[in-house]
Amino acid sequence: MSRGVIEFLQFAGSVVFAVPVGFFGLLKLVEGDALVGAGFVFLSVVMVLGREYVTSPKDLPAMALQRVTGRVAKDPDEEE
């Protein structure tokens, strides 16, 4: 999957926020608080994967334009 610079920076930003949450969850797991620890680890995973797989309202115009341009103009590889 090809990424642009903006998408990469957004992904890196979500990882920057998810790492401390996941680390806190791991510390709680080591301390013996399994429910809270597992909850925070799960939350950190959702923070990273949610950014990648959940469609936000900001993504809808770009998705619509990709569909329209895909129908109007074919890729050079598809024409061969």
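Residues numbered from 1 in each chain as written. Predicted model: local features only at pLDDT ≥ 70, side-chain atom pairs only at ≥ 80, totals over all residues. Heavy atoms only, no water.

Caption draft 1: Highlighting helix α2 (residues 34–53). When the terminal C-alpha atoms of α2 are compared, their 27 Å separation across 20 residues agrees well with the 28 Å that a helix rising 1.5 Å per residue should span. Residues G37, S44 and V48 constitute the buried set of α2. The inward-facing, buried residues of α2 abut α1 (5–31). (Helix = DSSP H or I, 4+ residues; strand = E, 2+ residues; numbered from the N terminus. Expected span 1.5 Å × (residues − 1). Buried < 20%, exposed > 50% of the residue type's maximum accessible area, 1.4 Å probe, protein only. Contact = heavy atoms within 4.5 Å.)

Caption draft 2: Local environment of the packing of α1 against α2. In the contact formed by α1 and α2, the axes pass within 7 Å of each other and the chain directions differ by 170°. On the basis of their axis angle, the class for α1 and α2 is roughly antiparallel. Across the contact of α1 with α2, the residue classes break down as 16 nonpolar, six polar and three charged. (Axes fitted to C-alpha atoms, helices over the stretch in contact; angles between N-to-C directions. Parallel < 35°, antiparallel > 145°, perpendicular 65-115°, else oblique. Nonpolar A, V, L, I, M, F, W, Y, C, P; charged D, E, K, R; others polar.)

Caption draft 3: Representation of a nonpolar patch on the surface in the model. Where nonpolar side chains cluster on the molecular surface, the patch consists of V5, F8 and L9 and spans about 330 Å² of accessible area. Inspection of the secondary structure puts L9 in helix α1. You can call L9 exposed: its relative accessible area is 53%. (Patch = residues over 30% accessible without salt bridge, like charges linked within 9 Å, V, L, I, M, F, W, Y side chains within 5 Å. Areas by Shrake-Rupley, 256 points an atom, 1.4 Å probe, with all protein chains shown as cover. Salt bridge = Lys/Arg side-chain N within 4 Å of Asp/Glu carboxyl O.)

Caption draft 4: Focus on the packing of aromatic side chains. Overall, the coordinates contain one aromatic pair when judged by the stated rule. Geometrically, the ring pair formed by F24 and F40 is edge-to-face, given 4.9 Å between the ring centres and 90° between the ring planes. With F24 in helix α1 and F40 in helix α2, the pair connects residues that are 16 residues apart, well separated along the chain. Residue class for F24 comes out partly exposed when judged on its relative accessible area of 36%. A residue is classified by how much of its surface remains accessible, and F40, at 30% relative accessible area, is partly exposed. (Phe/Tyr/Trp six-rings, centres within 6.5 Å; stacked < 30°, edge-to-face > 60°.)

Caption draft 5: Quick peek at the confidence of the model for the protein. Taken residue by residue, the protein gives an average pLDDT of 82. The fraction at 70 or more is 81%. Across the protein, element-level confidence peaks in α1 with a mean pLDDT of 92 and bottoms out in helix α4 (residues 76–79) with 61. (pLDDT = per-residue confidence, 0-100.)

Caption draft 6: Quick look at the pattern of salt bridges. Under the definition given, this model contains one salt bridge. Salt-bridge contacts for K28 lead to E31; the nearest nitrogen and oxygen are separated by 3.5 Å. With a gap of three residues between them, K28 and E31 both fall in helix α1, about one helical turn apart. A residue is classified by how much of its surface remains accessible, and K28, at 23% relative accessible area, is partly exposed. With a relative accessible area of 60%, E31 lands in the exposed category.

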